[in-house]
Amino acid sequence: MKSLTPKEIVSELNKYIIGQHDAKRAVAIALRNRWRRQNVSDDLKDEIAPKNIIMIGPTGVGKTEISRRLAKLSQSPFLKIEASKFTEVGYVGRDVESMVRDLTDLAISQVKAEEAETVQLKAKEIAEERILDLLLPPRKEERSKVEPTEKPLELVNKEQGKENTTREKLRKLLREHKLDERVVDLETTQRTIPIVEIFSGSGMEEMDINVKDMFGNLFPKKTRKRKAKISEAIEIITQEEAQRLIDMDKVTKQAIERVEQSGIIFLDEIDKIVGKDTSHGPDVSREGVQRDLLPIVEGSTVTTKYGMVKTDHILFVASGAFYSSKPSDLIPELQGRFPIRVELESLGKEEFIRILTEPQNALIKQYKALMETEGIELIFKDDGIAEIAEIATIVNERTENIGARRLYTIMEKLLDELSFDAPDLEKKKFTIDALYVIEKLDSLAKDEDLSRYIL
């Protein structure tokens, strides 16, 4: 993130998301502010609170896609979670604090992977020595650490020199991958830990009990022998040794610091925890979830199995369609904790044409690549793409407006027959123009009742 300015962040998001300039600007500023905060004086750093964001807009306009791309852009611990998964404490379901625990678990995995990279070279060296030991076992005197039997010193030195020469020859062959196909007997160790499930007050919540740490060496290590090719054995031993070389205390400390200083939680479907009348019925717990969420967003300390985690500087980005409610229906305290509101625009025909063709992961590029695996070339004409966008717009207007997700439905229906018959087709080139699209989809699009069910 240090190297990305707000303009560069927006430029990166533009590669995958069409339109929604205001939303991109808001998240770009929020991300850059994380970096700015790290560079202010220590006495002021703790006073600067993150400016949480609510993205408001209909389904299928890019809210979740923005969050997905942010996860890849920011090298921060990032968690996307559905707000509707949570229930008020006292009801069966997930406790809101579990999102912070999940974020910490992700950060631990992230830092652990980084540390594994740094010790990879050392682990590979150890793996190489272990493989050489399997190919050329050490002499009994060395293995048992017993003084050699009474042999002339010259003979002992000669044997050792010969063994070292053989070992170096094997090392050279190993590094040149000439021994990759040879099979060795590999011995791996694993500790069997029983699974413990505990029913807590809020249902079967994950209990932060690390049985391994509690009982230490109570559970014996199991040694398992297996046959493996040397190429595979080196990978297995390298991973095993890398895990041993990692300093878990350092990993935990770094991960918690990363969560507290640069963690991001994306709360999707936040409008689903807004209820008009929450005194009875299935919505009874919705306002309770908001009340439980409030201290996490305001800043509190959550207990995790790795230690205490403060949430004061975690950035929260929330999103929702807000069809039957509005942001002002959230409890006032929670509204106050989301000072930035961004409205995302509905998508029309022009945006659909751009979505189909421009992004790096554009739908047309995806379908072309899929068909290429069968040796079939798809050629999409401009008038064909325009017709697909036109039908998507019409169906969205007549039925439910599900935004760009409608394109997925229409593309599947359009290429349904071709996808089914692809392996048996002799013709290997197909042109998708306006006539082809009309022939396949026009009758469906015109019949409102049919398109409601099929498209």
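What you see is a predicted model; the values in this text were computed from it and never measured. (Residues numbered from 1 in each chain as written. Predicted model: local features only at pLDDT ≥ 70, side-chain atom pairs only at ≥ 80, totals over all residues. Heavy atoms only, no water.)

Caption draft 1: Geometry of the nonpolar core. Formed by 58 residues in total, the largest nonpolar core has its most connected members in Leu378, Phe380, Ile388, Met411, Leu414 and Leu415. Every residue in contact with phenylalanine 380, bar those within four places of it in the chain, is listed here: Ile364, Lys368, Ile385, Ile388, Met411, Leu415 and Ile432. By size, the runner-up hydrophobic cluster in this structure holds 42 residues, among which are Ile56, Met99, Val259 and Ile296. (Core = buried A, V, L, I, M, F, W, Y, C linked by side-chain atoms within 4.5 Å. Buried < 20%, exposed > 50% of the residue type's maximum accessible area, 1.4 Å probe, protein only. Contact = heavy atoms within 4.5 Å.)

Caption draft 2: Focus on the packing of aromatic side chains. Inspection of the entire model under this criterion finds 0 aromatic pairs. Here the guanidinium or amino end of arginine 69 rests over the ring plane of tyrosine 16, the centre of that ring lying 3.8 Å away. (Phe/Tyr/Trp six-rings, centres within 6.5 Å; stacked < 30°, edge-to-face > 60°. Lys NZ or Arg CZ within 6 Å of the ring centre and 35° of its normal.)

Caption draft 3: Up close: the sheet that holds strand β5 (residues 264–268). Pairing within the open sheet is parallel, and its 5 strands lie in the order β2-β5-β8-β1-β9. Whereas interior strands pair on both sides, the edge strands pair on one side only; in this sheet they are β2 (78–82) and β9 (340–343). On average, adjacent strands in this sheet sit at an angle of 15 degrees to one another, irrespective of strand direction. Across 4 bridges, the pairing between strand β1 (residues 53–56) and strand β8 (residues 315–320) is parallel. Its bridge partner lying in β8, methionine 55 is registered against serine 319. (Pairing = 2+ DSSP bridges. Helix = DSSP H or I, 4+ residues; strand = E, 2+ residues; numbered from the N terminus. Axes fitted to C-alpha atoms, helices over the stretch in contact; angles between N-to-C directions.)

Caption draft 4: The pattern of salt bridges, seen in detail. Under the defined criterion, the tally for this structure stands at 24 salt bridges. Across the pair glutamate 241 and arginine 130 runs a salt bridge whose closest N-O atoms are separated by 2.7 Å. Note that glutamate 241 is positioned in helix α10 (residues 230–245) and arginine 130 in helix α6 (residues 120–135), a separation of 111 residues in sequence. Taking the shortest distance from any N to any O, the salt bridge between arginine 244 and glutamate 241 comes out at 3.1 Å. Of this pair, arginine 244 and glutamate 241 both sit in helix α10, separated by 3 residues, roughly a single helical turn. For glutamate 241, a relative accessible area of 7% corresponds to the buried category. Linked by salt bridges that have partners in common, Glu128, Glu129, Glu168, Arg171 and Arg175 make up one network. (Salt bridge = Lys/Arg side-chain N within 4 Å of Asp/Glu carboxyl O.)

Caption draft 5: A look at helix α11 (residues 248–262). With 15 residues, α11 extends 20 Å from end C-alpha to end C-alpha; this agrees with the ideal 21 Å at 1.5 Å per step. Listed as buried for α11 are Val251, Thr252, Ala255, Ile256, Arg258, Val259, Glu260, Gln261 and Ser262. Considering only its buried residues, α11 is in contact with α2 (21–38), α5 (98–118), β5 and β7 (307–310). For α11, the N-terminal capping position is held by aspartate 247, with its side-chain oxygen 3.2 Å away from the main-chain nitrogen of aspartate 249. (Expected span 1.5 Å × (residues − 1). Polar contact = N/O pair within 3.5 Å; in protein donor to acceptor, adjacent residues only side chain to side chain.)

Caption draft 6: How the structure looks around the pairing of strand β6 (residues 301–304). On β6, burial follows the alternation: Val302 and Thr304 on one face are buried, whereas Thr301 and Thr303 on the facing-out side are not. In terms of strand pairing, β6 meets β7 through 4 bridges, oriented antiparallel. Bridged to valine 302 within β7 is valine 309.

Caption draft 7: Region of the structure containing the confidence of the model for the protein chain. Within the protein chain, residue pLDDT values average 81, and 83% of them lie at 70 or more. Within the model, the stretch residues 141–148 combines pLDDT values under 50 with 6 contacts to residues more than four positions away or in other chains. This stretch, residues 197–209, has a pLDDT under 50; its non-local contacts, to residues over four places away or in other chains, come to 24 contacts. (pLDDT = per-residue confidence, 0-100.)

Caption draft 8: View of the layout of surface pockets. In this structure, the second largest pocket occupies an estimated 620 Å³ of space. In terms of residue class, the lining of the second largest pocket is built from 14 nonpolar, 7 polar and 7 charged. (1 Å grid on protein atoms, 1.4 Å probe; cavity = no way out; pocket = protein on both sides within 12 Å on 5 of 7 lines; lining within 4 Å. Points joined across faces, edges and corners; volume = space filled by probe spheres on them. Nonpolar A, V, L, I, M, F, W, Y, C, P; charged D, E, K, R; others polar.)

Caption draft 9: Representation of the side chain of threonine 238. With respect to the helices and strands, threonine 238 occurs in helix α10. For threonine 238, a relative accessible area of 3% corresponds to the buried category. Once residues lying within four places of it in the same chain are set aside, the contact partners of threonine 238 are Gln120, Ala123, Lys124 and Ala127.

Caption draft 10: The arrangement of the packing of helix α1 (residues 6–14) against helix α4 (residues 63–73) in detail. Packing of α1 against α4 brings their axes to within 10 Å, and their N-to-C directions diverge by 120 degrees. Our classification of the angle between α1 and α4 gives oblique. The handedness of the crossing between α1 and α4 is right-handed. Along its contact with α1, which presents Ile9, Glu12 and Leu13, the element α4 presents Ile66, Arg69 and Leu73. (Parallel < 35°, antiparallel > 145°, perpendicular 65-115°, else oblique. Left-handed = near helix turned anticlockwise from the far one by under 90°.)

Caption draft 11: Geometry of a negative patch on the surface. Taken together, the side chains of Asp43, Asp46, Glu47 and Asp312 define an acidic patch exposed on the protein surface. Here aspartate 312 lies in the loop between β7 and β8. (Patch = residues over 30% accessible without salt bridge, like charges linked within 9 Å, V, L, I, M, F, W, Y side chains within 5 Å. Areas by Shrake-Rupley, 256 points an atom, 1.4 Å probe, with all protein chains shown as cover. Lys, Arg positive; Asp, Glu negative; His and termini not counted. Charge placed at Lys NZ, Arg CZ, Asp CG, Glu CD.)

Caption draft 12: Structural context of the environment of valine 342. Mapped onto the fold, valine 342 is located in strand β9. Here valine 342 falls in the buried class, since its relative accessible area comes to 5%. Taking the C-alpha atoms as reference points, valine 342 and isoleucine 54, separated by 288 residues in sequence, lie 6.3 Å from one another. The residues contacting valine 342, other than those within four sequence positions of it, are Asp22, Ala23, Ala26, Ile53, Ile54, Met55 and Ile56.

Caption draft 13: Region of interest: a nonpolar patch on the surface. A contiguous nonpolar patch, built from Leu450, Tyr453 and Ile454 and spanning about 330 Å² of accessible area, is present on the exposed surface. Along the chain, isoleucine 454 turns up in helix α20 (residues 448–454). Judged by relative accessible area, which is 33%, isoleucine 454 ranks as partly exposed.

Caption draft 14: Here's a closer look at α10. Here α10 is 16 residues long and its end C-alpha atoms lie 22 Å apart, about the 22 Å a rise of 1.5 Å per residue gives. For α10, the set of buried residues is Ile230, Ala233, Ile234, Ile237, Thr238, Glu240, Glu241 and Ala242.

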